[in-house]
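Topology and contacts: notes
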Amino acid sequence: MIQDTAQDTSSSPNTISSRDISFSVVDVIETVIASLEDGGSAMVNRTNEGYLWTFRYGSVDVFVQLTGTTDEDTLMVWSSVLTLPVQNEAQLMRMLLEMNWADTFESRFCILGDDVVISTTRMVAELSAGEISRNITVVATIADEQDDRLAAQFPRA
């Protein structure tokens, strides 16, 4: 079950109301998360900016953000796999770029602040339930497979 941490924004003129949300997209995201999450770890935060889900998958925390349901809005999924700085950072960067070419499907490794993350972003236009499921599953699976391996291969500097 996903724990709702929604903020009361009912008085704001920019509030996302239930009339504005395509429940099919939200329902698909929540169904996928419920099938992947470990031990009731999933939570959702609803704000004027959309939805932000977080859940535990294996040894990683996965984040799913939906900015809205118009064609111009986006679905973004990400998970941190390693904190920088690390030893042999140049070797790490080369390895991540090589993995981006062949091993990450629609996702990619990138740097967010001091974290190496795996992420994927997709516009909502023509987004299917299969794509939602695949994006969330790919990020969660790659993050869980790579976090311990990368930490062992590239210890903190």
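See above for the structure.
The structure contained in this document is the topic of the report that follows. Quick caveat: nothing in here was measured; it's all calculated off a predicted structure. (Residues numbered from 1 in each chain as written. Predicted model: local features only at pLDDT ≥ 70, side-chain atom pairs only at ≥ 80, totals over all residues. Heavy atoms only, no water.)

Attention shifts here to the pattern of salt bridges. Side chains that carry opposite charge are capable of pairing whenever their charged atoms lie near each other. One pass over the full model with this rule turns up four salt bridges. One salt bridge connects Glu 131 with Arg 122, and the closest N-O pair in it is separated by 3.1 Å. (Salt bridge = Lys/Arg side-chain N within 4 Å of Asp/Glu carboxyl O.)

Moving on: the side chain of Ser 119. Along the chain, Ser 119 falls in strand β7 (residues 115–123). The exposure class of Ser 119 is buried, given its relative accessible area of 2%. (Helix = DSSP H or I, 4+ residues; strand = E, 2+ residues; numbered from the N terminus. Buried < 20%, exposed > 50% of the residue type's maximum accessible area, 1.4 Å probe, protein only.)

With that settled, the discussion passes to helix α3 (residues 129–153). In a regular helix each residue adds 1.5 Å, so 25 residues correspond to 36 Å; α3 covers 36 Å between its end C-alpha atoms and thus fits that length. Taking the largest bend as the criterion, α3 deviates by roughly 35 degrees, centred on Gln 146. Those residues of α3 that sit buried are Ile 132, Asn 135, Ile 136, Val 138, Val 139, Ala 140, Ile 142, Ala 143, Gln 146, Asp 147 and Leu 150. (Expected span 1.5 Å × (residues − 1). Bend = angle between axes of the 7 residues up to and from the residue.)

Before going further, it helps to examine the environment of Thr 70. Tracing the backbone through its elements, the reader meets Thr 70 in the loop between β4 (60–66) and β5 (74–83). Taking C-alpha positions, Thr 70 is 6.6 Å from Val 124, a pair spaced 54 residues apart along the chain. Within the local environment of Thr 70, its side chain forms a polar contact with the side chain of Asp 73, the two groups lying 2.7 Å apart. (Polar contact = N/O pair within 3.5 Å; in protein donor to acceptor, adjacent residues only side chain to side chain.)

The next point concerns the packing of aromatic side chains. For the structure shown, the criterion picks out two aromatic pairs. When the ring of Tyr 51 is compared with that of Trp 53, the centres are 5.2 Å apart and the planes differ by 10 degrees; the resulting orientation is stacked. Summarising the aromatic geometry, the rings of Phe 63 and Trp 78 are spaced 5.4 Å apart at their centres and angled 15 degrees between planes, so their arrangement reads as stacked. Of this pair, Phe 63 sits in strand β4 while Trp 78 sits in strand β5; the two residues are 15 residues apart in sequence, bridging distant segments of the chain. The partly exposed category is assigned to Phe 63, whose relative accessible area is 27%. (Phe/Tyr/Trp six-rings, centres within 6.5 Å; stacked < 30°, edge-to-face > 60°.)

Moving on: the environment of Ala 157. Mapped onto the elements, Ala 157 comes out in the segment after α3. Considered as a pair, Ala 157 and Pro 85 are 72 residues apart in the sequence and their alpha carbons are 5.6 Å apart.

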